[in-house]
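# Observations on the three-dimensional arrangement
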Amino acid sequence: MRCDKLWKNAHLATLAGAEPGLGIVRDGVVAMRDGLIVYAGPAADAPAFDAGVVVDCAGRWITPGLIDCHTHLVHGGSRAHEFELRLAGASYEEIARAGGGILSTMRATRDADVAALTASALPRLDALMAEGATTVEVKSGYGLTLEAELHMLRAARRLGQARPVRITTTFLGAHALPPEFSGDADGYIDFLCDTVLPAAAGEGLADAVDAFCEGIGFTPDQTARMFAAAAAHGLPIKLHADQLSNLSGAALAARHGALSADHLEHTDADGVAAMAAAGTVATLLPGAFYFVRETKLPPVDAFRAAGVPMALATDCNPGTSPLTSLLLVMNMGATLFRMTVDECIAGVTRNAARALGLHHEIGTLEAGKSCDLAIWDIERPADLVYRMGFTPLHARVWRGN
C-alpha cells in the first residue's frame, strides 16, 4: 500500500474506539497519505507500506494533536491591574460592575485593527502550538460593535493563515453588555441577532455561536434568542454556563442541542441529566477556576456517572485565565478536579474534538482522519499530566507535515 509518510517504532495512544480509555498500542505505526491517516495500529498488523518518507520514532509516544476547544485568544490590552485588585480582595463581579472586566478589554480591543489583533494573538498561539496543539478555537466577544466583532473574527481567521494550525471561530457577541446599550440588554440582543451575526455568517467568519448566560451576562431567555438566531444561520451553538451561579444554563444548552456547555461549576443534577441525554460535552476550564480562586467544583463525579464527555481547555483570556498551556490544564484537571489521566488526555483530544463538532475529522488516531500528531519524549502517557512547566514535545505534525 502506498503512503506518503510512515512513522514507525512508536507507542500510540490512539484514543480510538468505543471504550473510554486511551487505546494504547505498543510497537505501533502511523501511515499518512494526502494529509490523512490511512493506518494507525500495531506494526504486526500493518499492511506492507511503500512509504515516500519513513520516520523512526525510536520508541517515543504518539498521541493525536492536542485541541484547545475554548479560548479568547484574540483581544487587545492586558488586565494585570485587575489581577492586583483581586489579590487585594475584589471579586470578579465587583471589578466587572466598576467598569473593569470584559468592558476593560473591550476598550483596548476596539482601539486595535485586524493587523494589531492578529499580531498580539500570535505569541499566545505559538505557545499552544509549542505544546502540541494542532486545533485551536477562538471566540469573539470583546469588540461588542459590528466593526470590532468582525475585526476579531477576521483576526482569528488570519491566525490560521499565518501558522500551520486549524483555527475554528466562535461568535460570542453576547459576552457583555456594551455601554452603548446600557440598560437595554434586549435591544443589544436584537442588534446581535439582526445585524452582527448575519454579517459574520455572511462573510463566513463564524463556525459556531456562544453566549455568556450569567447574572452579570445574559438571561436564559436572551440566550435562547441567540440560539434561535444561530439556528437560522445553520450554526451550531456552545454556552458559557453555570460558572458563577446556577441559571440552569447547562440544561438550556442541552435543550438546544449545544455542542458543549462550558465552565459548569454550579451545574445541578438536572443539568447533568439534560447534557447526558443530548450528548452535550462538558468543557471544564480549570485555569479560570484556579485564577479567580473559585471554591465550587464542577460536578465531575456526576458527569462521569452519567456518561457526559468531559473536555478540558485553557479558556485563554486576559481577565480570568491568562493561560496558554494545555499540559498545565491537564495537570489542573487532575489535581483540582480529580480527573483521571485518561480523562485528562481524552479531554484535550477526543472530547475536545467533539466539543467543536469535529470528532469525525480530528481527535483520534484513526484511518480517514486528519494526520494531526503530537510525538512525545515520555515513558508513559501519565507524564503528560504529571509534569508542570515542562514540555516533552518532540515533534508536532499537522495534516501530515
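Residues numbered from 1 in each chain as written. Predicted model: local features only at pLDDT ≥ 70, side-chain atom pairs only at ≥ 80, totals over all residues. Heavy atoms only, no water.

### Focus: the packing of aromatic side chains
Keep this limit in mind: Working definition: a ring pair exists when centres of Phe, Tyr or Trp rings (six-membered ring for Trp) sit within 6.5 Å. Plane angles under 30 degrees give stacked, over 60 give edge-to-face, the rest tilted. The rule is simple: take the accessible area with a 1.4 Å probe, protein chains only, and divide by the maximum for that residue type; under 20% is buried, over 50% is exposed, in between is partly exposed. By the criteria applied, helices consist of DSSP H or I runs no shorter than four residues and strands consist of E runs no shorter than two, each listed in order from the N terminus.
All told, the structure shown has seven aromatic pairs when counted by the stated rule. Judged by centre distance (5.3 Å) and plane angle (55°), the rings of Phe 181 and Tyr 188 are tilted. For Tyr 188, a relative accessible area of 0% corresponds to the buried category. Centre to centre, the rings of Tyr 188 and Phe 218 are 6.1 Å apart; their planes meet at 25°, and the pair counts as stacked. Taken as a pair, Tyr 188 in helix H6 (residues 185–202) and Phe 218 in the loop between strand S9 (208–213) and helix H7 (220–232) lie far apart in primary sequence, 30 residues in all. Taken together, the aromatic side chains of Phe 181, Tyr 188, Phe 191 and Phe 218 make up a single cluster linked through ring pairs.

### Quick look at the UniProt feature "binding site: Zn(2+)" (unreviewed entry) in the chain
Basically, it comes down to this: UniProt positions are given in the numbering used here, feature names are shortened, and annotations may be inferred rather than shown by experiment. Think of a 1 Å grid over just the protein atoms. A cavity is a set of points where a 1.4 Å probe fits yet cannot get out, a pocket is an open set with protein on both sides within 12 Å along at least five of seven lines, and lining residues have an atom within 4 Å of a point. We call two residues in contact when some of their heavy atoms are within 4.5 Å. Here a polar contact means two N or O atoms within 3.5 Å. Within protein one must be a hydrogen donor candidate and the other an acceptor candidate, and residues neighboring in sequence count only if both atoms are side-chain atoms.
UniProt records the feature "binding site: Zn(2+)" (unreviewed entry) for His 70, His 72, His 240 and Asp 315 in the present numbering. In terms of the greatest pairwise C-alpha distance, the residues named above, spread along 246 residues, form a tight cluster of at most 12.3 Å across. Within the annotated group, the residues that form the lining of the largest cavity are His 72, His 240 and Asp 315. Assignment of secondary structure puts His 72 in the loop between strand S6 (66–68) and helix H1 (80–87). Not counting residues within four places of it along the chain, the set of residues in contact with His 72 comprises Lys 139, Ser 140, Tyr 142, Leu 172, His 175, His 240, Asp 315, Cys 316 and Asn 317. Side-chain polar atoms of His 72 contact the side chain of His 240, separated by 3.4 Å. Note that Asp 315 resides in the loop between strand S13 (310–312) and helix H12 (326–335). Residue classification places Asp 315 among the buried positions, given a relative accessible area of 2%. Residue contacts for Asp 315: discarding those within four places in its chain leaves His 70, Thr 71, His 72, His 263, Leu 285, Ala 288, Thr 320 and Ser 321.

### Notes on the side chain of Thr 170
Positionally, Thr 170 belongs in strand S8 (residues 166–174). For Thr 170, a relative accessible area of 2% translates into the label buried. At 2.7 Å, the side chain of Thr 170 and the side chain of Glu 137 are in polar contact. Every residue in contact with Thr 170, bar those within four places of it in the chain, is listed here: Glu 137, Val 138, Lys 139, Ser 140, Leu 153, Ala 208, Val 209, Asp 210 and Lys 238.

### Considering the side chain of Thr 283
With respect to the helices and strands, the residue Thr 283 is situated in strand S12 (residues 281–284). Overall, the relative accessible area of 0% leaves Thr 283 in the buried class. Non-local contacts of Thr 283, meaning those with residues more than four positions away in its chain, are made with Cys 69, His 70, Ser 260, Ala 261, Asp 262, His 263, Leu 264, Ala 311, Ala 313 and Ala 355.

### Topic: the state of the cysteines
To keep things clear, this is the line we draw: Here, a disulfide means two cysteine sulfur atoms that sit within 2.5 Å of each other.
Considering all chains together, one arrives at zero disulfides under this definition. Cysteine Cys 57 is unpaired, with the sulfur of Cys 371 as its nearest cysteine sulfur at 11 Å. Residue Cys 57 is classed as buried on the basis of its relative accessible area of 2%. In this structure Cys 316 is a free cysteine whose sulfur lies 13 Å from that of Cys 69, the closest cysteine sulfur available.

### A closer look at empty space enclosed by the protein
Unfilled space is identified by rolling a water-sized probe across the atoms. For clarity, the threshold we go by: Grid points are joined across faces, edges and corners, and a volume is the space filled by probe spheres set on the points.
Scanning all chains against the criterion turns up two cavities of 30 Å³ or more. Estimated volume of the largest cavity: approximately 120 Å³. Roughly 40 Å³ of internal volume is contained in the second largest cavity. If you go around the second largest cavity, the residues you meet are Pro 64, Gly 65, Ile 67, Thr 134, Thr 135, Ile 362, Gly 363, Thr 364, Ser 370 and Asp 372.

### Comments concerning the domain arrangement of the chain
In plain terms, the rule: Reported domain spans reflect what an automatic or database domain assignment gives. Buried area is a sum: the accessible area each of two parts loses on coming together, probed at 1.4 Å, counted once for each and added. Note on definitions: salt bridges are taken to be side-chain nitrogens of Lys or Arg within 4 Å of carboxyl oxygens of Asp or Glu.
Per the domain assignment, the segments of the chain are domain 1 (2–65 + 364–397) and domain 2 (66–356). The C-alpha-based centres of domain 1 and domain 2 are spaced at 30 Å. Between domain 1 and domain 2, the residue contacts involve 27 residues of the former and 24 residues of the latter. The largest contributions to the domain 1 side of the interface with domain 2 come from Gly 65, Val 385 and Arg 396, which together make up 35% of the buried area. Linking domain 1 to domain 2 there are zero salt bridges.

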